[in-house]
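The primary structure of each chain is shown beneath.
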Amino acid sequence: MAQKRIVKEYSELQKNPPLGMKISLPSEADMHQWQILIDGPKGSPYEGGVFTLQLSLPTEYPFKPPTLSFKTKIYHPNVTNDDKGSMCLGMLRADEWKPSSKIDAVLGFARRLLSEPQPDDAVEGGIAREFKENKKEFIKNAKAWTKQYAKK
């Protein structure tokens, strides 16, 4: 069941990709690992950058949630500031995931996080504090990281 659903969702996303995203398979032999390229949204500190994400689908998908991580470094309160680039996405938590959820919704939520960080659900406390208390400094740092790590 997992393979069939994954193939179906992948083909739907190839026909109608979400705005500002390109989706590919690093290896045609493995439908469980996807590469996502996301353009930084207009008007955000990430504008002008292209971010690479990895979507990993468990063999139990859709009964278990996928994981989504940034491979491009990003200055963001909801993404770990390490080589893992793990994202804090409520809908991907095992207790909140629903088998009816689709990858399209996961990707849309990830892109929205670039426009609207959620500092109250942060994995990087210092960046979240800066976002809340000194937004100007947060924007400056996020733009600098985008320029350094995510240039097209």
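Residues numbered from 1 in each chain as written. Predicted model: local features only at pLDDT ≥ 70, side-chain atom pairs only at ≥ 80, totals over all residues. Heavy atoms only, no water.

Draft legend 1. Molecular detail of the overall build of the protein. Helix and strand content of the protein: four helices and four strands. What you see in the protein, going N to C, is helices and strands ordered as α-β-β-β-β-α-α-α. Computed over the C-alpha atoms, the radius of gyration of the protein is 15 Å, within 12% of the 15 Å expected from 2.2 N^0.38 for a compact globule of 152 residues. For the protein, the spread of C-alpha atoms along the principal axes amounts to about 50 × 35 × 25 Å. Taking the intrachain contacts of the protein between residues at least 6 apart in sequence as the baseline, contacts between residues at least 24 apart amount to 53%. Accessible area for the protein stands at about 8300 Å²; split by element, carbon and sulfur atoms hold 51% of it. (Helix = DSSP H or I, 4+ residues; strand = E, 2+ residues; numbered from the N terminus. Rg over C-alpha atoms; globule rule 2.2 N^0.38 Å. Contact = heavy atoms within 4.5 Å. Areas by Shrake-Rupley, 256 points an atom, 1.4 Å probe, with all protein chains shown as cover.)

Draft legend 2. Spotlight on the sheet that holds strand β4 (residues 67-70). Across the sheet, which stays open at both edges, the four strands sit in the order β1-β2-β3-β4 with antiparallel pairing between neighbours. Of all the strands in the sheet, the pair left with one neighbour each is β1 (21-24) and β4. Across the sheet, the mean angle separating the axes of adjacent strands is 25° when strand polarity is ignored. Of the strand pairs in this sheet, β1 and strand β2 (residues 33-39) are connected by four bridges, and their pairing is antiparallel. Its bridge partner lying in β2, Ile23 is registered against Ile36. (Pairing = 2+ DSSP bridges. Axes fitted to C-alpha atoms, helices over the stretch in contact; angles between N-to-C directions.)

Draft legend 3. Here's a closer look at helix α1 (residues 2-15). The terminal C-alpha atoms of α1, which comprises 14 residues, lie 20 Å apart, in line with the 20 Å expected from a rise of 1.5 Å per residue. Of the residues making up α1, those classed as buried are Ala2, Arg5, Ile6, Glu9, Tyr10 and Leu13. Along the long axis of α1, the arc covered by the buried residues comes to 130°, so they all point the same way. Opposite its buried face, α1 presents the exposed residues Lys4, Lys8 and Lys15, each directed more than 90 degrees away. (Expected span 1.5 Å × (residues − 1). Buried < 20%, exposed > 50% of the residue type's maximum accessible area, 1.4 Å probe, protein only. Arc of directions from axis to C-beta.)

Draft legend 4. Highlighting unusual backbone geometry. Residue Pro62 is reached from Tyr61 by a cis peptide bond, and omega for that bond is 10°. Tracing the sequence through the fold places Pro62 in the loop between β3 (50-56) and β4.

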